[in-house]
Amino acid sequence: MDLIKSMMVAASGLKAQSGRMRVIAENIANSDSTARVAGGDPYRRKIVTFEDKLNREIGANTVTLGRPVYDKTEFQLKYMPGHPAADEAGYVKMPNVNSMVEAMDMREAQRSYEANLNLIQASRRMIAQTIDILRK
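Below, the structure is looked at part by part.

Basis of the calculations
- Residues numbered from 1 in each chain as written.
- Predicted model: local features only at pLDDT ≥ 70, side-chain atom pairs only at ≥ 80, totals over all residues.
- Heavy atoms only, no water.
- Helix = DSSP H or I, 4+ residues; strand = E, 2+ residues; numbered from the N terminus.
- Contact = heavy atoms within 4.5 Å.
- Core = buried A, V, L, I, M, F, W, Y, C linked by side-chain atoms within 4.5 Å.
- Buried < 20%, exposed > 50% of the residue type's maximum accessible area, 1.4 Å probe, protein only.
- Axes fitted to C-alpha atoms, helices over the stretch in contact; angles between N-to-C directions.
- Parallel < 35°, antiparallel > 145°, perpendicular 65-115°, else oblique.
- Left-handed = near helix turned anticlockwise from the far one by under 90°.
- Patch = residues over 30% accessible without salt bridge, like charges linked within 9 Å, V, L, I, M, F, W, Y side chains within 5 Å.
- Areas by Shrake-Rupley, 256 points an atom, 1.4 Å probe, with all protein chains shown as cover.
- Salt bridge = Lys/Arg side-chain N within 4 Å of Asp/Glu carboxyl O.
- Pairing = 2+ DSSP bridges.

1. Side note on the environment of Val37
Reasoning step 1: Positionally, Val37 belongs in the loop between α1 (2-29) and β1 (46-47).
Reasoning step 2: Not counting chain neighbours up to four residues away, the residues in contact with Val37 comprise Pro84 and Ala85.

This is the structure:
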């Protein structure tokens, strides 16, 4: 039945968006972390990737969470001469995480999650209505 297929595809989207939100939350949690040693690199922002895979069981493409890749943008330098991670000039490398970008990504992931959830709920309602019609 195509409704079952659509529910399984949407369920894969729920799982992928959930993983995306987890990575975004990790980025936000580490947005102020610094290196453990002087002159070392701090936390580097992760970017989620998705993979399209054929599910032979249902005969449809589903989405899975791929390996996160690291954002290659430069770290910001912040002048904090007394900090343990400061270099010789007194600058500390700060993570390349922008809280506004992460908030927008989180909102987008949330909306995608909600869209997949709505699709599952609509499919369940249609299946229930079909069963009700067949009972009569």
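On we go from here.
2. Thoughts on the nonpolar core
Reasoning step 1: Within the largest apolar cluster, six residues are counted, these being Leu3, Met7, Ala10, Leu14, Ile120 and Ile127.
Reasoning step 2: When residues of this core are traced back to their parent elements, those giving at least two are α1 and α2 (99-135).
Reasoning step 3: With four residues, α1 is the single largest residue contributor to this core.
Reasoning step 4: Apart from the residues within four sequence positions on either side, Met7 is in contact with Ile120, Ser123, Arg124 and Ile127.
Reasoning step 5: Ala35, Ala85, Ala86 and Met94 belong to the second-largest nonpolar core, a separate cluster that totals five residues.

3. Some remarks on the packing of α1 against α2
Reasoning step 1: The contact between α1 and α2 brings their axes to 9 Å, and the two run at 160°. The orientation of α1 relative to α2 falls into the category roughly antiparallel. The interaxial crossing formed by α1 with α2 has left-handed handedness.

4. Considerations on a nonpolar patch on the surface
Reasoning step 1: A cluster of nonpolar side chains, contributed by Leu77, Tyr79 and Tyr91, occupies part of the molecular surface with about 340 Å² of accessible area.
Reasoning step 2: Its location among the elements puts Tyr79 in strand β5 (residues 76-79).
Reasoning step 3: Judged by its relative accessible area of 52%, Tyr79 is exposed.

5. Re the pairing of strand β2 (residues 50-55)
Reasoning step 1: Pairing geometry for β2 and strand β3 (residues 60-65), over six bridges, is antiparallel. Within the sheet, the bridge partner assigned to Asn55 lies in β3 and is Ala60.

6. Brief notes about the environment of Val9
Reasoning step 1: Residue placement: Val9 occurs in helix α1.
Reasoning step 2: Residue class for Val9 comes out partly exposed when judged on its relative accessible area of 31%.
Reasoning step 3: For the pair Val9 and Asn116, spaced 107 residues apart in the sequence, the C-alpha separation amounts to 8.6 Å.
Reasoning step 4: If sequence neighbours within four positions are ignored, Val9 has contacts with Ile58, Ala60, Asn61 and Thr62.

7. Points about the environment of Ile4
Reasoning step 1: Within the element layout of this structure, Ile4 appears in helix α1.
Reasoning step 2: According to the relative accessible area criterion, Ile4 is partly exposed, its value standing at 38%.
Reasoning step 3: As a C-alpha pair, Ile4 and Arg56 span 52 residues in sequence and 14 Å in three-dimensional space.

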